[in-house]
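# A look at the structure
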Amino acid sequence: MSERKLKVGVLVSGSGSNLQALIDACAAPDHPAEIVLVLSNRPGVRALDRAEAAGIPAMAIDHKLYADRATFDADMQKALDEAGVEFICLAGFMRLLTPEFVEHWSGRMINIHPSLLPSFKGLNVQQRAIDAGARFSGCTVHYVTPEMDVGPIIQQAVVPIHQNDTGDTLAARILVQEHRIYPASLRWIAERRVRIEGERVFLDGATPPDAALLNPAPEQAD
Ligand code: GRF
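This section reports on the structure supplied with the text. Here the structure is a predicted model, which means the values were calculated and not measured.

## Notes on the pattern of salt bridges
Note that side chains of opposite charge can pair when their charged atoms are close. One pass over the full model with this rule turns up nine salt bridges. Salt-bridge contacts for R4 lead to E86; the nearest nitrogen and oxygen are separated by 2.4 Å. Note that R4 is positioned in the segment before β1 (6-12) and E86 in the loop between α3 (69-82) and β4 (87-91), a separation of 82 residues in sequence. You can call E86 partly exposed: its relative accessible area is 23%. When salt bridges with common partners are traced through the structure, they connect D30, R187, E191 and R193 into a single cluster.

## Thoughts on the layout of surface pockets
One number sums up the size of the largest pocket: a volume of about 870 Å³. Considering the residues around the largest pocket, the lining is formed by 35 residues, among which G92, F93, M94, N111 and I112 are closest to the centre. Counting residues per element, the ones that place at least two in the lining of the largest pocket are α1 (17-26), β4, β5 (109-113), α5 (125-131) and α6 (167-190). The residue makeup of the lining of the largest pocket, split by class, is 16 nonpolar, 14 polar and five charged. Its boundaries defined by the atoms lining it, the second largest pocket holds a volume of some 600 Å³. Taken together, the elements giving at least two residues each to the lining of the second largest pocket come down to β7 (153-160) and β9 (200-203). At six residues, the largest contribution of residues to the lining of the second largest pocket is made by β7. Tallied by class, the residues present in the lining of the second largest pocket amount to 13 nonpolar, three polar and no charged.

## Brief notes about the packing of aromatic side chains
This structure, assessed with the given rule, holds two aromatic pairs. With 5.5 Å between their ring centres and 75 degrees between their planes, Y66 and F72 make a pair best called edge-to-face. With a relative accessible area of 2%, F72 lands in the buried category. A ring pair is formed by F101 and W105, whose centres lie 6.4 Å apart and whose planes are at 40 degrees; its orientation type is tilted. The side chain of R95 reaches across the aromatic face of F72, ending 6.0 Å from its centre.

## With respect to the site of the ligand
All residues adjacent to the ligand are S15, G16, S17, N18, G92, I112, H113, P114, L175 and E178. For the ligand, whose unbound accessible area comes to 360 Å², protein coverage reaches 82%. Structurally, the ligand is housed in the largest pocket. Elements supplying a minimum of two residues to the shell around the ligand: α1, β5 and α6.

## A short note on the packing of α1 against α6
Two elements in contact, α1 and α6, have axes whose closest approach is 9 Å; the angle formed by their N-to-C orientations is 45 degrees. Overall, the two elements α1 and α6 adopt an arrangement that is oblique. Helix-helix and strand crossings are classified by hand; for α1 and α6 the assignment is right-handed. Judged by residue contacts, S17, N18, A21, L22, A25 and C26 of α1 engage L175, E178, H179, Y182, P183 and L186 from α6. Considering only residue class, the contact of α1 with α6 consists of eight nonpolar, three polar and one charged.

Rules and cut-offs
Numbers given for residues are sequential positions, taken from 1 along each chain in its written order. pLDDT decides what is reported in this predicted model: residues at 70 or higher carry local features, side-chain atom pairs at 80 or more are listed and counted, and totals for whole chains, interfaces and linings draw on all residues regardless. Hydrogens and water are ignored here; the side-chain numbers use all heavy atoms of the structure. Any carboxyl oxygen of Asp or Glu that lies within 4 Å of a side-chain nitrogen of Lys or Arg is treated as forming a salt bridge with it. Starting at the N terminus, helices and strands are each numbered in turn, a helix being any DSSP run of H or I of at least four residues and a strand any DSSP run of E of at least two. Working definition: with a 1.4 Å probe on protein chains only, accessible area under 20% of the residue-type maximum means buried, over 50% means exposed, and in between means partly exposed. Here a cavity is any set of points on a 1 Å grid over the protein atoms alone where a 1.4 Å probe fits but cannot get out, and a pocket is any open set with protein on both sides within 12 Å along at least 5 of 7 lines; a residue lines the site when it has an atom within 4 Å of a point. Grid points are joined across faces, edges and corners, and a volume is the space filled by probe spheres set on the points. Three categories are distinguished: nonpolar for Ala, Val, Leu, Ile, Met, Phe, Trp, Tyr, Cys and Pro, charged for Asp, Glu, Lys and Arg, and polar for the others, with Gly belonging to the last. Here a pair means two rings of Phe, Tyr or Trp (six-membered ring of Trp) with centres within 6.5 Å. Their orientation is stacked below 30 degrees between planes, edge-to-face above 60, and tilted elsewhere. Consider the ring centre and the ring normal. A charge sits over the ring if Lys NZ or Arg CZ is within 6 Å of that centre and within 35 degrees of that normal. Put simply, a residue is near a molecule or strand once any heavy atom of it comes within 4 Å of that molecule or strand. For every accessible area listed, the method is Shrake-Rupley and the probe measures 1.4 Å; residues are considered covered only by the protein chains on display. To qualify as sitting in a cavity or pocket, a molecule needs more than half of its atoms within 2 Å of the grid points. Helix axes are fitted only over the stretch in contact, all axes being lines through C-alpha atoms; the angle between N-to-C directions runs from 0 to 180 degrees. By the definition adopted for this analysis, an angle is roughly parallel if under 35 degrees, roughly antiparallel if over 145, roughly perpendicular if from 65 to 115, and oblique otherwise. By definition, turning the near helix anticlockwise from the far helix through less than a right angle yields a left-handed crossing, and turning it clockwise yields a right-handed one. Only heavy atoms enter the contact rule, under which two residues are in contact if any of them lie within 4.5 Å.

By themselves these figures say nothing about function.
Written as structure tokens, this is what we have:
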């Protein structure tokens, strides 16, 4: 591993629990990434407090003050450049980005989404997974491409959907896994172990699990 840490910018809009997981992971002295800027499109959100508490430069660029997406994205780009950001993590960032911005960061920007992509893109995905009768849901870390919630998948975690789940209980179960896989994916990227080939992502040294998940387990229904 090289001594120089990957300089990461995290884009947020809300509570920032994934940001916190990234902050905590990067706090390890041997972690190969460092968060150099947290940017929010909403002032006053908890994510900004989390960044400040960790001593990380944080700023809000209020999208409501902008007439169009292009000038908003240009100001974000300027802030990212000034901070020396090399890689972006979207962590609950609730604004669509312009194709120009996404193109500029192609292969250098990842997102976490609370479903097993390519199923359930967009919003309210936990409730939609329940309503669709799915037995499992989970979360996905993926590279960002111009189309929303599409892009090469780096890592996924699966959680069961329980019969009495609500959108909130399922979201909480998924969030626990989000906080595991987002820092792990960032670490792999910063270690330069991740390779994109077309739509697929390969991880050097990965050991895939070979156990299958069943819900309900057949033996429970015997
Ligand atoms: C998470 O569920 C994430 O998957 C989605 O937005 C939510 C952000 O939560 N993109 P937090 O702000 O990280 O707590």
